[in-house]
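Tertiary structure, described
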Amino acid sequence: MAQDPIPAQLGPFELEVEAGKRYSWCRCGRSKTQPLCDGSHKDTGLEPLTFTAEKTETLYLCGCKDTGDEPFCDGSHLML
Ligand code: FES
């Protein structure tokens with residue numbers, strides 16, 4: 001059974017992304033390279049969310065891992 005995600009920080013991580021590149025957002029909260037996956041989810045039953053950036057821009061990715069709009073911050077950290 002999957003373990004619960006743990007909050008990495010109670011707020012979003014700002015990440016510059018490049019159009020066409022793939023990124024793996026850490027869903028488990030255990031990565032040391034937030035907000036991206038470093039493989040620390042091993043044995044948690046959780047997997048990262050991989051996405052391709054549509055354009056070069058700054059994204060605000062969820063740090064509390066409780067968002068309802070993965071991988072983006074939706075303000076859920078304000079309710080924790
Ligand atoms: Fe958290 Fe991979 S380290 S999902």
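Residues numbered from 1 in each chain as written. Predicted model: local features only at pLDDT ≥ 70, side-chain atom pairs only at ≥ 80, totals over all residues. Heavy atoms only, no water.

**What to know about the overall build of the protein chain**
Counted only if it meets this: In DSSP terms, a helix is any run of H or I states spanning at least four residues, a strand is any run of E spanning at least two, and both are numbered starting from the N terminus. Think of it in three bands: residues with accessible area under 20% of the maximum for their type are buried, residues over 50% are exposed, and the middle band is partly exposed, with areas taken using a 1.4 Å probe on protein chains only. Residues counted as positive are Lys and Arg, residues counted as negative are Asp and Glu, and His and the chain ends are not counted. Note that the charge is assigned to NZ on lysines, CZ on arginines, CG on aspartates and CD on glutamates.
Helices and strands together make up the secondary structure of the protein chain, namely 0 helices and 4 strands. Tracing the protein chain from N to C terminus, the helices and strands come up as β-β-β-β. Overall, the protein chain is about 35 × 30 × 20 Å in size when its C-alpha atoms are taken along their principal axes. Expressed as a percentage of the 80 residues in the protein chain, the buried residues total 38%. Of the charged side chains in the protein chain, 8 are positive and 13 negative, and the gap between their average positions amounts to 6 Å.

**Description of the nonpolar core**
Heads up, the condition is: Take the buried residues of types Ala, Val, Leu, Ile, Met, Phe, Trp, Tyr and Cys, join any two whose side-chain atoms come within 4.5 Å, and each joined set is a nonpolar core. In what follows, a contact means two residues having at least one pair of non-hydrogen atoms within 4.5 Å.
Counting 11 residues, the largest nonpolar core consists of Leu15, Val17, Tyr23, Trp25, Leu49, Phe51, Ala53, Leu59, Leu61, Cys62 and Cys64. Where this core is concerned, the elements lending two or more residues are strand S1 (13–17), strand S2 (22–25), strand S3 (49–52) and strand S4 (57–61). Contacts of Leu15, omitting those with residues within four sequence positions, involve Tyr23, Pro35, Leu36, Glu57, Thr58, Leu59 and Leu61.

**Re the environment of Gln9**
Following the sequence through the fold, Gln9 ends up in the segment before S1. Among the residues examined, Gln9 registers a relative accessible area of 32% and is labelled partly exposed. As a C-alpha pair, Gln9 and Leu36 span 27 residues in sequence and 13 Å in three-dimensional space. Beyond its immediate chain neighbours, meaning those up to four positions away, Gln9 contacts Gly63 and Cys64.

**Quick word on the pattern of salt bridges**
Stated precisely, the cut-off is as follows: The salt bridge definition used is simple: a Lys or Arg side-chain nitrogen within 4 Å of an Asp or Glu carboxyl oxygen.
Taken as a whole and assessed by the stated rule, the structure comprises 3 salt bridges. With a shortest N-O distance of 3.9 Å, Glu18 and Lys21 are connected by a salt bridge. For Glu18, a relative accessible area of 42% puts it in the partly exposed group. Between Lys42 and Asp43 there is a salt bridge, with the nearest N and O atoms lying 3.8 Å from each other. Of the two residues, Lys42 and Asp43, neither departs from the other in class, the shared state being exposed.

**Regarding the pairing of S3**
To keep things clear, this is the line we draw: One bridge is not enough; two strands pair if DSSP finds at least two bridges between them.
By the alternation rule, side chains of S3 split into Leu49 and Phe51, which are all buried, and Thr50 and Thr52, of which none is buried. Looking at chain direction, S2 and S3 are connected through 4 bridges and run antiparallel. Within the sheet, the bridge partner assigned to Tyr23 lies in S3 and is Phe51.

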